[in-house]
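The residues making up each chain are set out below.
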Amino acid sequence: MVQLSCAIYLQDILEVRMIKLEETRIERMNEMPQINEILPNELQQLVKEDKNVVIVDVREDDEVAQGMIKDAKHIPLHKIPHSINNLDKDKHYVLVCRSGGRSMKAATFMDEHGFKVSNMTGGMLNWDDEIVL
């Protein structure tokens, strides 16, 4: 009987701790910056309408050599922290990579440093407009 009571008590403690961990995880997710996502066709239109938009391609040199969006600025992901001092905080930066993951990291970093940013959903895999070599 004592062992059963101890087991139930430990199970209750474990359940409470699991609930608290889940609540903490949800709170942290809510604290994370929400980065605006933009579809490739929306970016194509935005570039035509807003001269304040700067596309930043964060892919590596060998990836960019295969083609990048016309007029995009190439700053590899690992150089973003060292490059932000040379960027204008009055501009709207749209970050692009191959599939959207690295550009989201760059967008989050830049957002945390006070830049207006968006991430292009799906990256270059979803881009169907002109590219330059």
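Residues numbered from 1 in each chain as written. Predicted model: local features only at pLDDT ≥ 70, side-chain atom pairs only at ≥ 80, totals over all residues. Heavy atoms only, no water.

Asker: Break down the overall build of the protein chain for me, with residues and values.
Answerer: Looking only at helices and strands, the protein chain has five helices and seven strands in total. Counting helices and strands in the order they occur from the N terminus, the protein chain gives α-β-α-β-α-β-β-α-β-α-β-β. With 133 residues in all, the protein chain has 34% of them scored as buried. In the protein chain, 66% of the contacts between residues at least 6 apart in sequence involve partners at least 24 apart. (Helix = DSSP H or I, 4+ residues; strand = E, 2+ residues; numbered from the N terminus. Buried < 20%, exposed > 50% of the residue type's maximum accessible area, 1.4 Å probe, protein only. Contact = heavy atoms within 4.5 Å.)

Asker: Kindly report on the layout of surface pockets, identifying the contributing residues and their values.
Answerer: The calculated volume of the largest pocket comes to roughly 280 Å³. What lines the largest pocket is a set of 13 residues, and nearest its centre among them are Val47, Ile55, Ile69, Lys70 and Asp71. Contributing elements (two or more residues each) for the lining of the largest pocket: helix H2 (40-49) and strand S2 (53-57). Ranked by the residues each element gives to the lining of the largest pocket, the list is headed by H2, at four residues. Across the lining of the largest pocket, the residue classes break down as seven nonpolar, one polar and five charged. Lining the second largest pocket, in full, are Arg59, Glu63, Gln66, Gly67, Arg98, Met124, Leu125 and Ile131. By residue class, the composition of the lining of the second largest pocket is three nonpolar, two polar and three charged. (1 Å grid on protein atoms, 1.4 Å probe; cavity = no way out; pocket = protein on both sides within 12 Å on 5 of 7 lines; lining within 4 Å. Points joined across faces, edges and corners; volume = space filled by probe spheres on them. Nonpolar A, V, L, I, M, F, W, Y, C, P; charged D, E, K, R; others polar.)

Asker: Go over H2, please, and point to the residues and values.
Answerer: Three or more residues of H2 are buried, namely Pro40, Leu43, Gln44 and Leu46. Mapping the buried residues of H2 onto a view down its axis gives an arc of 165°, with all of them on the same face. Turned more than 90 degrees from where H2 packs its buried face, Asn41, Lys48 and Glu49 sit exposed. (Arc of directions from axis to C-beta.)

Asker: Any chance you could break down the sheet that holds strand S1 (residues 36-38) for me, citing the residues and the numbers?
Answerer: One open sheet holds the five strands; their spatial order is S1-S6-S5-S2-S4, and the pairing between them is parallel. This sheet does not close on itself; its edge strands, each paired only once, are S1 and strand S4 (73-74). By the bridge criterion, two bridges tie S2 to S4 in an arrangement that is parallel. Note that in S4 the partner of Asp57 across the bridge is His74. Helix-sheet contacts for helix H5 (residues 101-112) involve S1, strand S5 (92-96) and strand S6 (116-120), and the interaxial angle to S6 is about 170°. (Pairing = 2+ DSSP bridges. Axes fitted to C-alpha atoms, helices over the stretch in contact; angles between N-to-C directions.)

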